[in-house]
Amino acid sequence: CRWLSMKFSTRQDTDISAEALFHGLSDFPKMERMLMRRGAQVRRLDGDGAAAVGSAWQIGFDWRGKARELSLTLAEYQPPERMAFSGSSDQFSLSILMTVVALAPSKSRLIFEVDVQPRGMKARLLLQTAKLGKAQLDRKFAQRIAQFVDNLAMRGAA
């Protein structure tokens, strides 16, 4: 059921071109290293070639004191505008959609959307509880994406 899902969405404007922003987002080796610096274990399942629909990763991380596993697959890849991932863990299915919009030659906007769906009763209860603090979760989500985009802009996204 769609009403059981939790959606997060934010828009982030930056002073880099749309092409540079998309290039930074789709630099998967750099993203893998960034996740590993944050403590995640990242394994590319389809080699280390160029980005293509079907590229897949297995990501392990600790969350709230428990080891978690996430399988993530690139479901849509349309440079320089759109990238979508689908993923699943033991309790949740998720979809991630990133859309890059050119605002000017050296300005762009990232629209970042995540949809989380439960895969069982325990996960439904977790989402229902999380919805009680949705406003705070939305703020944290927007702050993290803003930091991420600022980091890309500082590095020149290349």
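Criteria and cut-off values
Residues numbered from 1 in each chain as written. Predicted model: local features only at pLDDT ≥ 70, side-chain atom pairs only at ≥ 80, totals over all residues. Heavy atoms only, no water. Helix = DSSP H or I, 4+ residues; strand = E, 2+ residues; numbered from the N terminus. Rg over C-alpha atoms; globule rule 2.2 N^0.38 Å. Buried < 20%, exposed > 50% of the residue type's maximum accessible area, 1.4 Å probe, protein only. Contact = heavy atoms within 4.5 Å. Areas by Shrake-Rupley, 256 points an atom, 1.4 Å probe, with all protein chains shown as cover. Lys, Arg positive; Asp, Glu negative; His and termini not counted. Charge placed at Lys NZ, Arg CZ, Asp CG, Glu CD. Pairing = 2+ DSSP bridges. Axes fitted to C-alpha atoms, helices over the stretch in contact; angles between N-to-C directions. Arc of directions from axis to C-beta.

1. Focus on the overall build of the chain
Item 1. When helices and strands are counted, the chain shows four helices and seven strands.
Item 2. Along the chain, helices and strands appear, N-terminal first, in the series β-α-α-β-β-β-β-β-β-α-α.
Item 3. Since a compact globule built from 158 residues should have a radius of gyration of about 15 Å, the 16 Å found for the chain is in line with a globular shape.
Item 4. Referenced to the eigenvectors of the C-alpha coordinate spread, the extents of the chain come out at roughly 45 × 35 × 30 Å.
Item 5. A burial count over the chain gives 40% of its 158 residues as buried.
Item 6. A separation threshold of at least 6 residues defines the contact pool for the chain, and within that pool the share at least 24 residues apart is 51%.
Item 7. Roughly 9,400 Å² of accessible area belongs to the chain as shown, and the carbon and sulfur atoms make up 55% of that amount.
Item 8. For the chain, the centre of its 24 positive side-chain charges and the centre of its 16 negative side-chain charges are spaced 8 Å apart.

2. Looking at unusual backbone geometry
Glycine aside, residues mostly have negative phi angles, and peptide bonds mostly take the trans form.
Item 1. For the bond running from Pro-79 to Pro-80, omega is 0°, close enough to zero to count as cis.
Item 2. Relative to the helices and strands, Pro-80 is located in the loop between strand S4 (66-78) and strand S5 (82-88).

3. Focus on the sheet that holds strand S3 (residues 56-63)
Item 1. The seven strands lie next to each other as S1-S7-S6-S5-S4-S3-S2, forming an open sheet whose pairing is antiparallel. The sheet terminates laterally at strand S1 (6-14) and strand S2 (41-44), the two strands that pair on one side only. Taking the axes of each pair of neighbouring strands and ignoring which way they run, one obtains an average angle of 20° across the sheet.
Item 2. Examined bridge by bridge, S5 and strand S6 (residues 92-104) share seven bridges and lie antiparallel to one another. What sits directly across from Phe-85, in S6, is Ile-96.
Item 3. Contacting S1, S4, S5, S6 and strand S7 (107-118), helix H1 (residues 18-25) crosses the sheet at an angle of about 155° to S6.

4. Some points on H1
Item 1. Buried residues of H1: Ala-18, Leu-21, Phe-22, Gly-24 and Leu-25, and no others. For H1, the angular spread of buried residues about the axis comes to 160°, placing them on one side.

5. Here's the deal with the side chain of Gln-91
Item 1. Considering the arrangement of structural elements, one finds Gln-91 in the loop between S5 and S6.
Item 2. A relative accessible area of 14% places Gln-91 in the buried class.
Item 3. Filtering out sequence-adjacent residues up to four positions away, Gln-91 remains in contact with Arg-68, Gln-117, Pro-118, Arg-119, Gly-120, Lys-122, Ala-123 and Leu-126.

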